Amino acid sequence: MVDYRKYKVWQKSHQLVLDVYAITSNFPKEEQFNLVSQINRAAVSIPTNIAEGCGRETQKELIRFLYISSGSAHELEYLLFLSIELKIKAMENTTKILADIDEVKRMLASLIKKISSTL
């Protein structure tokens, strides 16, 4: 077992969740149970799957959860793009958060590659 909190990608994705929650708190109330809920779930899924993978018995299982985490990062990116297209006012300044998502995706890919090379 590995302490997930030591992974920089977990730290970055945890901060991303906090940033996403701050943005979605400003979404229109009519989106609270639709888009906001789905965006928040996708964001939370990223560090959660890293943590769960670290609790598994094998490196192979960890890699599987890192792939799931990566999928959630891609989902989150799309949902935020959708919010921009829908002209949701809270999404006006999203350059940083989209850059953070891209960085998390690259970090996950790098970690998967690194762990895979040791198998």
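Residues numbered from 1 in each chain as written. Predicted model: local features only at pLDDT ≥ 70, side-chain atom pairs only at ≥ 80, totals over all residues. Heavy atoms only, no water.

Caption draft 1: Just the overall build of the protein chain, in detail. If you tally the helices and strands in the protein chain, you get four helices and zero strands. Starting at the N terminus and walking to the C terminus, you meet the elements of the protein chain as α-α-α-α. Here the C-alpha radius of gyration of the protein chain, 15 Å, is about what a compact globule of 119 residues would show, namely 14 Å. The principal-axis extent of the C-alpha atoms belonging to the protein chain is close to 45 × 25 × 20 Å. For the protein chain, buried positions account for 41% of its 119 residues. For the protein chain, the proportion of contacts with a sequence separation of at least 24, taken over those separated by at least 6, is 72%. Total accessible area on the protein chain is roughly 7100 Å²; 55% of this is exposed by carbon and sulfur atoms. (Helix = DSSP H or I, 4+ residues; strand = E, 2+ residues; numbered from the N terminus. Rg over C-alpha atoms; globule rule 2.2 N^0.38 Å. Buried < 20%, exposed > 50% of the residue type's maximum accessible area, 1.4 Å probe, protein only. Contact = heavy atoms within 4.5 Å. Areas by Shrake-Rupley, 256 points an atom, 1.4 Å probe, with all protein chains shown as cover.)

Caption draft 2: Quick look at helix α4 (residues 95-117). Between its terminal C-alpha atoms α4 stretches 33 Å, which fits the 33 Å expected from 23 residues at 1.5 Å a residue. When we look at burial in α4, the residues that qualify are Ile97, Leu98, Asp100, Ile101, Val104, Lys105, Leu108, Leu111, Ile112 and Ile115. Residues of α4 that are buried make contact with α1 (8-24), α2 (35-54) and α3 (59-85). (Expected span 1.5 Å × (residues − 1).)

Caption draft 3: Main features of the packing of aromatic side chains. On inspection of all chains with the given rule, the structure shows one aromatic pair. Taking the centre distance of 5.1 Å and the plane angle of 65° together, the rings of tyrosine 4 and tryptophan 10 count as edge-to-face. Using a relative accessible area of 28% as the deciding quantity, one classes tyrosine 4 as partly exposed. A cation over a ring is seen here: arginine 5 above tyrosine 4, with NZ or CZ 5.4 Å from the ring centre. (Phe/Tyr/Trp six-rings, centres within 6.5 Å; stacked < 30°, edge-to-face > 60°. Lys NZ or Arg CZ within 6 Å of the ring centre and 35° of its normal.)

Caption draft 4: Expanded view of the pattern of salt bridges. Applying the stated criterion to the full structure yields seven salt bridges. Its salt-bridge partner being arginine 5, residue aspartate 3 comes within 3.1 Å of it at the nearest N-O pair. Overall, the relative accessible area of 29% leaves aspartate 3 in the partly exposed class. With relative accessibility at 48%, the residue arginine 5 sits in the partly exposed group. Glutamate 103 is the salt-bridge partner of lysine 12, the closest N and O atoms lying 3.1 Å from each other. Placement of lysine 12 in helix α1 and of glutamate 103 in helix α4 is noted, with a sequence separation of 91 residues between them. Take lysine 12: its relative accessible area is 24%, and that puts it in the partly exposed class. (Salt bridge = Lys/Arg side-chain N within 4 Å of Asp/Glu carboxyl O.)

Caption draft 5: How the structure looks around the nonpolar core. By size, the foremost hydrophobic cluster in this structure holds 33 residues, and its most contacted members are Tyr7, Leu16, Phe27, Ile39, Leu66, Leu76 and Leu80. When residues of this core are traced back to their parent elements, those giving at least two are α1, α2, α3 and α4. Beyond its immediate sequence surroundings of up to four residues, leucine 76 is in contact with Leu16, Val20, Ile39, Ala42, Ala43, Ile46 and Ile101. (Core = buried A, V, L, I, M, F, W, Y, C linked by side-chain atoms within 4.5 Å.)

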